[in-house]
Structures are given as C-alpha cells and as structure tokens.
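A closer look at the structure
Chain by chain, the residues:
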Amino acid sequence: GLCITEIHVIFKLPHHLGNYPHPLAYFHWFKPLSHFDRNVGMFLATCSTQQHLPSTTIIPICHLIQPCHLVPRFLNGAVNPCWIQ
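To keep things clear, this report deals only with the structure shown in the data block. (Residues numbered from 1 in each chain as written. Predicted model: local features only at pLDDT ≥ 70, side-chain atom pairs only at ≥ 80, totals over all residues. Heavy atoms only, no water.)

Here we look at the sheet that holds strand E7 (residues 56-60)
Note: strands within a sheet are paired through backbone hydrogen bonds, in either parallel or antiparallel orientation. Across the sheet, three strands lie side by side as E1-E2-E7; this open sheet has antiparallel pairing. On the outer flanks of this sheet lie strand E1 (5-11) and E7, each paired with one strand and no other. With strand direction ignored, the average angle separating the axes of adjacent strands in the sheet is 30 degrees. The sheet contact formed by strand E2 (residues 24-29) and E7 spans five bridges and is antiparallel. (Pairing = 2+ DSSP bridges. Helix = DSSP H or I, 4+ residues; strand = E, 2+ residues; numbered from the N terminus. Axes fitted to C-alpha atoms, helices over the stretch in contact; angles between N-to-C directions.)

In structure tokens form, the structure reads like this:
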C-alpha cells in the first residue's frame, strides 16, 4: 500500500561515495491513516516514531508515486492573531 511521508531534504551523494543515478530524499514517516475527522472532512495524519524519535529513512526520489498536501492542525492559541488579519 501507499504511505505518507514528509520530505525534509533532497540531495545527491558526493562522487567519492559512488555514482548513484538518482537524487535521494530524507523522509519522516506518518502512521497509516485511520481516523477521519468529520468536522474538517479529512483524515488525521500522525507522525510515526521509533523509540520516541521520528521514524525516518532515505530513499531514491524515483520511488515517489504521488504528492499530497498536509494541512497543519493548530491548537487553540498556537496561531499568532496577526497572521489572520
């Protein structure tokens, strides 16, 4: 199945580490979608962790299938009121 990730950086390896044909990406993984929030009409995405740290990996960007947009969920008071004027 498909998984949700958040790309943090896209990079190429230096030549002294070998000639890899595709750029690589450093990812943080999300848990599989399971909870649909009827108030906003979207699924809630939750970060995946291992030993209380983000679950991460590096994979070639040619393995990406489709982009998706993640919308932040701000807690009450987390958004500066000046931003919404």
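A short note on the side chain of Asp 37
You can see Asp 37 is positioned in strand E3 (residues 35-37). Polar side-chain contacts of Asp 37 include one of 2.9 Å to the backbone nitrogen of Asn 39. Not counting chain neighbours up to four residues away, the residues in contact with Asp 37 comprise Met 42 and Leu 44. (Polar contact = N/O pair within 3.5 Å; in protein donor to acceptor, adjacent residues only side chain to side chain. Contact = heavy atoms within 4.5 Å.)

Points about the state of the cysteines
This model, assessed by the stated rule, comprises zero disulfides. Distance from the sulfur of Cys 3, which forms no disulfide, to the nearest cysteine sulfur (Cys 68) is 11 Å. Of the residues examined, Cys 3 reaches a relative accessible area of 57% and is grouped as exposed. Between Cys 62, a cysteine without a disulfide, and Cys 3, which holds the nearest cysteine sulfur, the sulfur-to-sulfur distance is 16 Å. (Disulfide = S-S within 2.5 Å. Buried < 20%, exposed > 50% of the residue type's maximum accessible area, 1.4 Å probe, protein only.)

What to know about unusual backbone geometry
With a phi close to 55 degrees, Gln 51 is a non-glycine residue in the positive phi region. Turning to its location among the elements, Gln 51 is positioned in the loop between strand E5 (49-50) and strand E6 (53-54). Classification of Gln 51 by relative accessible area gives exposed; the value is 76%.

Side note on the layout of surface pockets
Counted as a void, the largest pocket has a volume near 630 Å³. In terms of lining, the largest pocket is formed by 21 residues, of which the most central are Cys 3, Ile 4, Thr 5, Gln 66 and Cys 68. Of all the secondary-structure elements, those providing two or more residues to the lining of the largest pocket are E1 and E2. Element by element, the count of residues in the lining of the largest pocket is highest for E1, at three residues. Residue classes in the lining of the largest pocket are distributed as 15 nonpolar, four polar and two charged. In this model, the second largest pocket occupies a volume close to 520 Å³. In terms of lining residues, the second largest pocket is bounded by 17 residues, among which Phe 43, Leu 44, Ala 45, Val 71 and Arg 73 are the most central. With three residues, the top contributor of residues to the lining of the second largest pocket is strand E4 (residues 42-44). A class-by-class count of the residues in the lining of the second largest pocket yields 13 nonpolar, two polar and two charged. (1 Å grid on protein atoms, 1.4 Å probe; cavity = no way out; pocket = protein on both sides within 12 Å on 5 of 7 lines; lining within 4 Å. Points joined across faces, edges and corners; volume = space filled by probe spheres on them. Nonpolar A, V, L, I, M, F, W, Y, C, P; charged D, E, K, R; others polar.)

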